[in-house]
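Analysis of the macromolecular model
The primary structure of each chain is shown beneath.
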Amino acid sequence: MTNNQQQFYEGCGREGLIRCIFLSEFHPVAGSKISCQVPEGYVTKDVFDAVNVYIIPKPQLQRCILTVNVMKTKIVGYPVKIDSQRYARNAFYFNLCFVCDFWARSVQYEPVVKKLSEYLTMMEEETGFLSKDEDDKIQLQTLLGRILSDLNEHKVTTIVEGENTIYLKIVTHLPDPPTVLDHMVPLLMSEYKSIPLESWDLTSQQILPYINGINHIARIAAEADVEVTLVKACIQNLAYYGVVKLLPILKYSNVYMCTRSLQNLTKDNMLYTACRKYVSLNPDRPSPSLAKVFQFYASMTHGITLRTICQRLSPQNHNIDERKLVIFGLQHDLIRCISKYPVFIGSMPNGRQRLYTGTYNFDEICCKTGLSAANIERDIDSDTNVTVIWK
Amino acid sequence: MEVNPLSIIIVKSDSKGDRLLFRYPYKVETQNDISSESKRRNPYSILINDDVLQNAQQQTSNIHNGQLSGFPDEVLSTLFAVKSELCNRKFELKVNDVRFVGHPTLMQAKESKEDTSFILINIVFALYAQASYSIVTCYYELSKKLGYALVHEENRVGYLSEEMNLMVKTHDEIAAVIEQDRGKSELEAFDLVLERSTLAQCLKSIYHDLCTTGLLNITINQFVTLCFCLPQKAHQFHKKGVIVEPETIDRCLHSLKPYHGMLLLVNFAELLDCVPPSGALMLLKLIEVYNPLKSLQNMASDADLPIDHVYELVGHLVYWAKATIIYPLCETNVYVIAPDAPLYTNSPLVEKFSTEFPGMSLFEVISDFSLPTSIGHLTTPLQQPARQGILAQMVLWMLQHHLLMQLHTYVQFMPNDHGECDEISTEYELGPTVDENHSEMSLDNDDDINASSLLSMSSQPLPVPNTSHRSNTEDQFSAADSTVSDNIVAQPSSSHKSNFSMTQSASLSSDNCDSLASVEDEDKIKELLNVFQEQDRAAVRRIPAASNPEDLALMVKLWQAGYFKGEHHLEEIMYFENLRRSQLLQLLDKFRDVLIIYETEDPAIASLYSQS
């Protein structure tokens, strides 16, 4: 119980289940009331009375998504008013609400609530689905019950009700994906590797065989013969869903530094077993020792290139594939790539110097100009107006 | 952007009903963007008006040009004049993309005639719905504080009743005027309210302060002082576009140690407005002894304050974005460019730097820190001391602007794992596991290496790794020379072991050193080594320095204290174990076969940097 309390506090940013779905309507005599609720009695009368202003609000707030979080209950609703001569006050007010725990995020339910309300509006307009049985709402009760259980279990539901089919799906709200640039390298997360190729969309099907943690976007586009903007859009979409992770391009001239998470490698048994397995050069030989792997990571610091470390530690003798080692490190944030930013400090930049603003790193400049890193390097070395910053 | 409030609203509810008293900003730019309404992707696209599902016209956004829009005053007042069940607790309501947060405060009106009348006052902040939970909480706290301040002033002099009556009267006056001639608009009522009411002026200044600095220091009714800081905003002043969460600051402050130092980010004059007058004295005491070269502990003892108070003061200053945590500046500190340093041409920092340090270019100075560099490295004793002073000033400036990050050295104890493909160590690995006789042989072999490598270590700081057999034999030669001249502590002890076990392998050189002390040493070493697990013990024993009880004792002590788990940097070990840097470095070097050292940032300090 105490564990639960620690986990679920307000603002913990977790998602929770839908606890209850209820329909509230404005009764011409009795005023605002809950006319149907699944499960019965989840929202008590006290709570409803305190918040009914926000459930059946003023006309100006009709068709707005309203979320009210008071008294340890979070209610997401979408108040609707239907004008028609049929009704006692020439209008029918209702609001279909989802109730969640007060600590849970509820953004992902907003479109669902809105869509369901719109289905119900349509059904009400066509058949009087909501208003027909004053006291007996068994049909609605079963409908809401099914939506509740389906959405909580499968996050998706399809229900045929009379002549309408209701399609609902909860789409998780994730932070925006990063912008995908030419020089970035996508890496497919291991849990998605087993998915058969046919089940991906068409663009992904073309691209996926070239995603190996080594190829960069521009190269994938060239090899898969897919337009580069399409590749970027596709990868960005995959990155949004966490299918791929974007890493900096691997070069032996790269410089890396270890992060605070490196110590996890010695503490997290799963992580280090996974690491030793992943970085093995030859899977038939015994996997490299933790000490060797750790030593490799620990040697990474400013000013020491991957090439130097390889020369010093000869990882291949210890059955370590240094490329996989770097990929694993980047993937689990054990290490961070330190990029090189040329900065032009003269007065009038011309030609390529305009790119040396300090906002583009070496890889980006290489991709933009189509020149090799060595070429750029030479260019910068000979130019006294350019300094280089590593960060 | 999403940190700023959209609007601040004050609503009252009493026996005379609910009313929106004031909101700020109230001048909404009403110019309709015609272009946005009929925005087409291209000139040929058709505007589809009749969508089947979205037949009714609906509002999906209530934000217009960074201001609240689309809510008439009456709607707001009914929304915020909450039922009594919802009073004195957090009130949160989200409408489309606007989140309203407030603390409805119920209080008794101070009236001489009737004692039972209650006033509900709700000061609500309208925020961007995307604003993080911590931002919402901060605004909630502010609303609560304002509520308490108003309760206090109401109880004292009936301030709120007075202000309320004044505002209501003004609204009624204007309404009456509008009734008479239809030329005037409602907007001017707020103008007049703002002119007359001190509470409205106060809310206005709160809104402006929140939008500009995120720091508040206001006095309500010239009596109650209210200090408030919105850290997510305040820290942007020093680092644009980066939101520092209060949680991060808390984490930083929790890991604060006495050896940390403080670096002020603002002038002395700007410091005092963040503390209530009662705390100012203590702050002054601390500031008098402030020096970025001093640790917190030194400052505490200089200022004659308990260290806990210093922590609290520093914590407060950090929260208010007036100071940051550093490791006290010294020659040995290693700095690199921070990963998120905003360094680019046309950066305002470039100009700021050259006005601060005339004739210097930020890029030239900072490019020295592309590689991990210390102030000691950048200066030579031959240079005049003034140059070093300027350099220190520049480093401080760059630290203040979060351009530099300090690297610390961490130590991880890691003997070679048992039974792994390590060609060199396999022979040694066998040593402790095979029968007694064999182990003595290998131990004896070790003895010679021990003696020699200890010597070589004392003479040259970085000898080649002593791993192959070829180097063993070389070392044996040198050992032969040295045993005569140098009567080192380690040698007798280790060689004694061979004597003790009564085998022929006892070397001649050790005969003369056999003494009671060495027996003790031997036992001590054994005892010390016992703390390690089997396979680790073997690895440690193989290290030459392990036969020196002093070195081993220190090593074991630090290991047992948990310093070799990569969680404590050298400076921390030095501080808590009262060691000198050279002592510690020597020890690490002697035991480098089982210790892996690496450089990274101090998590306490780095948490204030964004990890990109």
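This structure is a prediction, so every number in the text was calculated from the model and none was measured.

Regarding the overall build of chain B
- Secondary structure assignment for chain B yields 25 helices and 17 strands.
- Put simply, chain B has 612 residues, and 51% of those count as buried.
- Counting only contacts in chain B whose residues sit at least 6 apart along the sequence, the fraction spanning at least 24 positions is 69%.
- For chain B, the exposed area adds up to about 30000 Å²; of that, 53% sits on carbon and sulfur atoms.

As for the overall build of chain A
- A count of helical and extended segments in chain A gives 14 helices and 14 strands.
- Scaling as 2.2 N^0.38, a compact globule of 391 residues should have a C-alpha radius of gyration of about 21 Å, whereas chain A reaches 29 Å, well beyond that.
- For chain A, the spread of C-alpha atoms along the three principal axes comes to 85 × 55 × 40 Å.
- Contacts in chain A between residues far apart in sequence, at least 24 positions, make up 63% of those at least 6 positions apart.
- Just so you have it, chain A exposes about 18100 Å², and 50% of that area is on carbon and sulfur atoms.
- Of the charged side chains in chain A, 41 are positive and 40 negative; the average position of the first set lies 9 Å away from that of the second.

Re the environment of Val343(A)
- When you line up the elements, Val343(A) lands in strand E13 (residues 340–344).
- Since its relative accessible area comes to 1%, Val343(A) is described here as buried.
- In this structure, the C-alpha to C-alpha distance between Val343(A) and His302(A), residues 41 residues apart in sequence, is 19 Å.
- Look past the residues within four positions of Val343(A) in its chain and what remains in contact with it is Tyr356(A), Thr357(A), Gly358(A), Asn385(A), Val386(A), Thr387(A), Ile389(A), Thr345(B) and Phe363(B).

Considering the UniProt feature "domain: GATOR1 complex protein NPRL3 C-terminal HTH" (unreviewed entry) in chain B
- When the UniProt feature table is mapped onto this chain, "domain: GATOR1 complex protein NPRL3 C-terminal HTH" (unreviewed entry) is found at residues 536–596 of chain B.
- As annotated, residues 536–596 of chain B has a helix share of 59% and a strand share of 11%, and its two end C-alpha atoms lie 14 Å apart.

Quick word on the interface of chain B and chain A
- At the interface, 63 residues of chain B touch 61 residues of chain A.
- Of the roughly 5400 Å² buried between chain B and chain A on both sides combined, carbon and sulfur atoms contribute 58%.
- Run the count over chain B and chain A and you get 2 salt bridges.
- The salt bridge involving Glu567(B) is made with Lys267(A); its shortest N-O contact spans 3.0 Å.
- Every element with two or more residues in the side of chain B that touches chain A is listed here: helix H2 (73–80), strand E5 (91–95), strand E13 (334–337), helix H13 (362–367), strand E15 (404–413), strand E16 (565–569) and strand E17 (595–601) of chain B.
- Broken down by element, the side of chain B that touches chain A gets its largest block of residues, 6 residues, from E17(B).
- Considered class by class, the residues forming the side of chain B that touches chain A number 33 nonpolar, 15 polar and 15 charged.

Concerning the domain arrangement of chain A
- When cut into domains, chain A gives domain 1 (3–169), domain 2 (185–247), domain 3 (255–338) and domain 4 (340–390).
- Centre-to-centre, using C-alpha coordinates, domain 3 of chain A lies 30 Å away from domain 4 of chain A.

Focus on helix H11 (residues 306–313) of chain A
Residues and elements named next belong to chain A.
- Taken as a whole, H11 has its buried residues at Leu-306, Ile-309, Cys-310 and Leu-313. Looking straight down H11, one finds its buried side chains confined to an arc of 100°; they lie on one side. Exposed and facing more than 90 degrees away from the buried side of H11 are Gln-311 and Arg-312.
- One or two positions beyond H11, positive phi appears at Ser-314, with a value near 35°.

Some thoughts on the domain arrangement of chain B
Residues and elements named next belong to chain B.
- Looking at chain B, the domain boundaries give domain 1 (7–32 + 60–229) and domain 2 (234–326).
- For domain 1 versus domain 2, the separation of C-alpha centres amounts to 34 Å.
- Taken together, the contact between domain 1 and domain 2 spans 10 residues of the former and 10 residues of the latter.
- Across the domain 1-domain 2 interface, the total number found is 1 residue pair in polar contact (both at pLDDT 80 or more).
- Looking at the side of domain 1 that touches domain 2, the elements that each hand over two or more residues are helix H3 (133–157), strand E9 (215–220) and strand E10 (224–229).

Let's talk about the pattern of salt bridges
- One pass over the structure, following the stated rule, counts 26 salt bridges over all chains.
- We note a salt bridge from Arg219(A) to Glu223(A), for which the minimum N-O separation is 3.0 Å. Separated by 4 residues within a single helix, Arg219(A) and Glu223(A) lie in helix H6 (residues 217–224), roughly one turn from each other.
- What makes Glu223(A) partly exposed here is its relative accessible area of 36%.
- Put simply, Arg592(B) and Asp589(B) hold a salt bridge, and the shortest N to O gap is 3.8 Å.

A few points about the packing of aromatic side chains
- Evaluation of the coordinates by the stated rule reveals 29 aromatic pairs over all chains.
- Seen from their ring centres, Phe22(B) and Tyr24(B) are 6.3 Å apart, and the 25° between their planes marks the pair as stacked.
- For Phe22(B), a relative accessible area of 0% corresponds to the buried category.
- Since its relative accessible area comes to 12%, Tyr24(B) is described here as buried.
- Residues Phe532(B) and Trp559(B) carry aromatic rings whose centres are separated by 4.5 Å and whose planes lie at 50° to one another, so their mutual orientation is tilted. Placement of the pair is Phe532(B) in the loop between helix H20 (516–529) and helix H21 (534–541) and Trp559(B) in helix H22 (residues 549–560), with a sequence separation of 27 residues.
- Owing to a relative accessible area of 24%, Trp559(B) belongs among the partly exposed residues under this scheme.
- An aromatic cluster is present here, built from Tyr54(A), Phe71(B), Phe80(B), Phe91(B) and Phe100(B) joined pairwise through their rings.
- Its guanidinium or amino end placed over the ring of Phe362(A), Lys340(A) lies 4.4 Å from that ring's centre, counting from NZ or CZ.

Quick notes on the nonpolar core
- Core analysis: the largest hydrophobic core is formed by 91 residues, its most contacted members being Phe22(B), Phe100(B) and Ile206(B).
- Excluding residues within four positions of it along the chain, Ile206(B) makes contact with Ile8(B), Leu142(B), Leu146(B), Leu216(B) and Ile218(B).
- Grouped together as the second largest cluster of nonpolar side chains are 73 residues, Ile338(A), Ala300(B), Met394(B) and Met398(B) included.

Focus: the confidence of the model for chain B
Residues and elements named next belong to chain B.
- Mean pLDDT over chain B stands at 77; residues scoring 70 or higher make up 75%.
- Within chain B, helix H16 (residues 426–430) has the poorest average pLDDT of any element, 37, and strand E6 (residues 98–102) the best, 93.
- This stretch, residues 418–513, has a pLDDT under 50; its non-local contacts, to residues over four places away or in other chains, come to 99 contacts.
- Both scores are given for the predicted complex: the pTM is 0.80, the ipTM 0.85.

Points about empty space enclosed by the protein
Residue and element names in this part refer to chain B.
- Within this structure, the stated rule accounts for 7 cavities of 30 Å³ or more.
- Around the second largest cavity, the lining residues are His-235, His-238, Lys-239, Val-244, Leu-265, Val-318, Ala-323, Thr-324, His-402 and Leu-608.
- Of the residues in the lining of the second largest cavity, the class split is 5 nonpolar, 4 polar and 1 charged.

Focus: unusual backbone geometry
- A cis geometry characterises the amide bond from Val38(A) onward to Pro39(A), with omega recorded as -15°.
- A cis geometry characterises the amide bond from Tyr24(B) onward to Pro25(B), with omega recorded as -5°.
- Its place among the elements puts Pro25(B) in the loop between strand E2 (17–24) and helix H1 (34–37).
- Backbone geometry at Asn90(A) places phi at a positive 65°, although glycine is not the residue there.

Examining helix H15 (residues 385–400) of chain B
Residues and elements named next belong to chain B.
- Counted at 1.5 Å a residue, the expected span for H15 with its 16 residues is 22 Å, and the 23 Å between its end C-alpha atoms agrees.
- The complete set of buried residues in H15 reads Leu-391, Ala-392, Met-394, Val-395, Leu-396, Trp-397, Met-398 and Leu-399.
- Backbone geometry just after H15 places His-402 at a positive phi near 55°.

What counts as what
Residues numbered from 1 in each chain as written. Chains lettered and ligands numbered in written order. Predicted model: local features only at pLDDT ≥ 70, side-chain atom pairs only at ≥ 80, totals over all residues. Heavy atoms only, no water. Helix = DSSP H or I, 4+ residues; strand = E, 2+ residues; numbered from the N terminus. Buried < 20%, exposed > 50% of the residue type's maximum accessible area, 1.4 Å probe, protein only. Contact = heavy atoms within 4.5 Å. Areas by Shrake-Rupley, 256 points an atom, 1.4 Å probe, with all protein chains shown as cover. Rg over C-alpha atoms; globule rule 2.2 N^0.38 Å. Lys, Arg positive; Asp, Glu negative; His and termini not counted. Charge placed at Lys NZ, Arg CZ, Asp CG, Glu CD. UniProt positions renumbered as here; feature names shortened; annotations may be inferred. Buried area = accessible area lost by both parts, 1.4 Å probe. Salt bridge = Lys/Arg side-chain N within 4 Å of Asp/Glu carboxyl O. Nonpolar A, V, L, I, M, F, W, Y, C, P; charged D, E, K, R; others polar. Domains from an automatic or database assignment. Arc of directions from axis to C-beta. Polar contact = N/O pair within 3.5 Å; in protein donor to acceptor, adjacent residues only side chain to side chain. Phe/Tyr/Trp six-rings, centres within 6.5 Å; stacked < 30°, edge-to-face > 60°. Lys NZ or Arg CZ within 6 Å of the ring centre and 35° of its normal. Core = buried A, V, L, I, M, F, W, Y, C linked by side-chain atoms within 4.5 Å. pLDDT = per-residue confidence, 0-100. 1 Å grid on protein atoms, 1.4 Å probe; cavity = no way out; pocket = protein on both sides within 12 Å on 5 of 7 lines; lining within 4 Å. Points joined across faces, edges and corners; volume = space filled by probe spheres on them. Expected span 1.5 Å × (residues − 1).

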